[in-house]
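Reading the structure
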Amino acid sequence: MLQKIRDTWNQPKSLKARRYANVFYDVSWNVLLLTIISVVLIGFLGAGIGAGYFASLVKDMPAPAYKTMTSQINTYSSTSDIYFGSGERIGNYTTDEVRVPVAVEKVSPFVVDALLATEDVEFYEHDGVVPKATLRAILQEATGSEDRTGGSTLTQQLIKNQMLTNEVSFERKAKEILLALRLEKAMNKDEILNAYLNVVSFGRNSMGRNISGIEAAARGVFNTSAEKLTLPQAAFLAGIPKNPFLYTPYYQGGVIKEDVSPAINRMKTVLNRMYVAGKITKEDYDAAYNYDITQDFMKTQSKPRDRYPYVVQEAELQARQIVTNYLLEQDGIVLADLKTKEQNEIRTTYAKRAHNMLRQGGFKIHMTLDKKVHEAMQQPAKNANNFDKDQYIKEEDRTLPEQTASIMIENKTGRILGFVGGRYINGKTDEVNRAMRMERQIGSTAKPILVYANAIEARMITPETTILDEEYFYRFTGPGQPKKEVENESRTHSGPVTAREALKRSLNVPAVKIYEERNQKPADTQKLVDMGIEVSEANRNASSMALGVGEVSPVNLAASYAMLANYGEHVEPYFIERIEYNGETIFEKQPKKTRIYTDRTSYLVIDMLRDVYTSGTATYARSLLNVPGDWMGKSGTTNDRRDSYLVGSNPNVTLAVWSGFDSQFGEMQNSYEVGQYYQRTQRIWSQTANRVYADNPEVFNTGARFNQPASVSAADFKDSGSFSEKKKVEERKKEEEAKKKAEEEAKKKEEAEEKKQEAEEKQEADAAAKEKADAEAKAKAEAEAKKKAEAEAKKKAEADKKKAEADKKKAEEEAKKKAEAEKKAEEDKKKEDAEAADGA
């Protein structure tokens, strides 16, 4: 066919046909040349117009320096982490976005291959931009095509995320292209890839938080590290950046979506592109394609604040204060040099900066808490049987639950090992951290650290000093105020008692007497101030401070008893061990130590407080305690049972427990179901110690004892103090002895009179008894004579009777004999008569 046409063209049948053919050829060729020239001209014109338009879009954008670009690209938020003192990670500082930076060398090769095969196949060949892909994307945008293939390289995406906005416009795209080309000269490919892996969004994690960066994605979706991601896991994550909202497997609350098929289909697409790109084998592709990725999803996780509400709250609060101070120091600002108003404004500004840095700056916050200790301490607070029923507070017209708080401190270091901020009601807590932030009156727990310690320090008393527990009124009251009686809780008095006995039994009168006689209230309360306890001006001179009217937090109360356990050296309690930032330690706690009392004073108080557990007000706690060792401590109760305390220390740790109501009007009640008010506090104390001991016994160092220092002498255990009541006690003793002697003499006289009276009564009684005896003897004799006469009469009568019977019998026998004789005589007569007759 072609040959025929060629022959016809070369050998036309006529000249006319040939001429027409030549004309057609010439015209066609010229048209083609004009068309080509036009297209080229239009192309150059379009290119010129495009170049001009591109230039107009970026004409106002200054070209950033390479160093500036590199810094901006590598500046991305990194979530701050919170750690237990025992090393376990709790979680993140509260933030809307979680990011954990990781080096590209620590990322699974599957992830890199999946991302490049899906997002940028020519990553290592292009200079930041792929023209054909960009042109295609522009045409699709201009024509409104629904099929969007995307034209951005990883470099462009990185520019958009770190240096530009998400605005959809040609201007933004032009700037993106220009900056991408420039970035390729400022950074090498691996550096760009490293930055991209830490910047790109991967949707949400199993807590429902936004996650950025491959490491946070690996942890938040599959609970593994980016280095250990498997092929299907890597493919799944690599598919998410295309549309994080659609492909993330979690809802906002961390709940797994009912339908994750779009994400799984996207994973299969990624696997296919990896296979086509030759990154995986057919066997790997098939295995990963058919793998059920849903079985690797993490189940919904609770946020750190949900698991450790009080811990995270306190860690964030204290970390914010520490970082604020760090920033102020870095900028050379000394707040003390400024006016109060300026101080508040500047601190507020820097506190906001600190908060933002902690949310995005990648700090590592290391606490002092021991995880085992802290978790063990929560158990008693979760046991509803340790608390009385909810109480209606009439004054506030609301019903409140009985609450508790506790804290354990390491004596020597001041490290807070664990604490309970409040009860767990229906498994939930509230926002009030009572252990660290609540300040309440401390009742009798003030006596050892304020009254007895200061008096012993001044050699005013010893443990054996005798004090009169009697009716007593405060010496010092306000102007115009009536006298006020100091009452013991029992409303009774015990007379002379030793200081040891008074403290053991927590008697109020002896404590106030000692405090008022010493009369050094500002100096004594300064000891509390030196231990970090605030004392109001009114309380600096108040006698009632002896009974604990000053308000103290449980953490500071525990630290004051740890001071005694440290033989008088107070160590400031602390919660944050250190904070790291950008690989450097910007804060590390240096224990603040202050000498409060001598070792002599502290040991004597310790020795007295041992009795509280063995035979005093804490014997109930001791009966429930499974932790061996040398224990000392003090119970305390405030007015109307608003607060109940027990603080106990051994040589290693101090445990303080508070029970009560958040309302100042709440009054703890004795209960048949859960025990008396103080028993509930002591039961929580013992349960807490027992649970910690079961989980982490070495914390207590139970083999240690409070050893008597050389400064303590034998005289310190005798009544060698200067307390004025010694003379009063002696006079009272003499009075009591004289009274006793008089009472004894009166008793003797009374006894003598009683004896005399008894003698007279006895004499009279004896006479009467003799008379009675004589009468009785006479009556008895008469009775016996009568009885004898009767017996004789009876005997005689019986004898007469017998004689009569004998005489009668004899008479009868004689009569019988006589009759027989007469009969015989008659018979003999008859016989004789007969014989006589016969003879006649």
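Whatever comes next refers back to the structure up there.
Report on the accompanying structure.

Conventions used here
All residue numbers here refer to positions counted from 1 along the written sequence of the relevant chain. The model is predicted, so local features are restricted to residues of pLDDT at least 70 and side-chain atom pairs to those at 80 or more, both for listing and for counting; the totals for chains, interfaces and linings are taken over all residues. With hydrogens and water stripped out, all remaining heavy atoms of the structure feed into the side-chain values. Space inside and on the surface of the protein is sampled on a 1 Å grid over the protein atoms alone, with a cavity defined as a set of points where a 1.4 Å probe fits but cannot get out and a pocket as an open set with protein on both sides within 12 Å along at least 5 of 7 lines; lining residues have an atom within 4 Å of a point. Grid points are joined across faces, edges and corners, and a volume is the space filled by probe spheres set on the points. The numbering of helices and of strands both runs from the N terminus, where a helix is a DSSP run of H or I of at least 4 residues and a strand a run of E of at least 2. Polarity classes work like this: nonpolar for Ala, Val, Leu, Ile, Met, Phe, Trp, Tyr, Cys and Pro, charged for Asp, Glu, Lys and Arg, and polar for all others, with Gly in that last group. Buried Ala, Val, Leu, Ile, Met, Phe, Trp, Tyr and Cys residues form a nonpolar core when they are joined through side-chain atoms within 4.5 Å. A 1.4 Å probe rolled over the protein chains alone gives each residue an accessible area, and that area as a share of the maximum for its type sets the label: buried under 20%, exposed over 50%, partly exposed in between. The contact criterion used is simple: two residues touch if any of their non-hydrogen atoms lie within 4.5 Å. Pairing of aromatic rings covers Phe, Tyr and Trp, the last through its six-membered ring, and needs centres within 6.5 Å; plane angles under 30 degrees mean stacked, over 60 mean edge-to-face, and all others mean tilted. Any two strands with at least two DSSP-identified bridges between them are counted as paired. Note on method: axes are straight lines fitted to C-alpha atoms, helices fitted across the in-contact stretch only, with angles between N-to-C directions ranging 0 to 180 degrees.

Once that is clear, we can look at empty space enclosed by the protein. Tallied over the entire structure, the rule returns one cavity of 30 Å³ or more. In this structure, the largest cavity encloses a volume near 30 Å³. In terms of lining, the largest cavity is formed by Tyr308, Pro309, Tyr310, Val311, His374, Gln378, Phe419 and Tyr424. Counting only elements with at least two residues in the lining of the largest cavity, the list comes to helix 15 (309-330) and helix 17 (371-382). When residues in the lining of the largest cavity are grouped by element, the largest group, three residues, is from helix 15. Broken down by class, the residue content of the lining of the largest cavity amounts to six nonpolar, two polar and no charged.

A few words now on the nonpolar core. Grouped together as the largest cluster of nonpolar side chains are 118 residues, with contacts concentrated most on Met367, Met408, Tyr452 and Phe575. Considering every element that reaches this core, the biggest residue donor is helix 15, with nine residues. Excluding residues within four positions of it along the chain, methionine 367 makes contact with Ile82, Tyr83, Phe84, Gly85, Ile90, Val311, Ala315, Phe575, Ile576 and Glu577. By size, the runner-up hydrophobic cluster in this structure holds 62 residues, among which are Val111, Val129, Ala217 and Val260.

Turning next to the layout of surface pockets. Over the atoms rolls a probe the size of a water molecule, and in doing so it shows where empty space is left. Computed from the structure, the second largest pocket encloses a volume of approximately 1,200 Å³. Together, 45 residues line the second largest pocket, and Glu487, Glu489, Asn508, Thr637 and Asn639 are the ones closest to its centre. When residues in the lining of the second largest pocket are grouped by element, the largest group, four residues, is from helix 26 (residues 677-695). Residue composition of the lining of the second largest pocket, grouped by class: 10 nonpolar, 26 polar and nine charged.

This part takes up the packing of aromatic side chains. Applying the stated criterion across every chain, the model contains 15 aromatic pairs. For the pair phenylalanine 222 and phenylalanine 236, a centre-to-centre distance of 6.0 Å together with 75 degrees between the ring planes defines the contact as edge-to-face. Residue phenylalanine 222 is found in helix 9 (residues 214-222), and its partner phenylalanine 236 is found in helix 10 (residues 231-239); the two are separated by 14 residues along the sequence. Owing to a relative accessible area of 2%, phenylalanine 236 belongs among the buried residues under this scheme.

To continue, consider the sheet that holds strand 2 (residues 89-92). On the basis of which strands lie adjacent, the open sheet formed by five strands has the order 2-1-6-18-19 and mixed pairing. Every interior strand has two partners, whereas the edge strands, strand 2 and strand 19 (584-588), have only one. The mean angle between the axes of side-by-side strands here comes to 20 degrees, regardless of whether they run parallel or antiparallel. Across three bridges, strand 1 (residues 81-83) lies against strand 2 in antiparallel orientation. When the sheet's bridge partners are listed, aspartate 81 is paired in strand 2 with asparagine 92. Contacting strand 1, strand 2, strand 6 (364-367), strand 18 (576-581) and strand 19, helix 15 runs over the sheet at an angle of about 60 degrees to strand 18.

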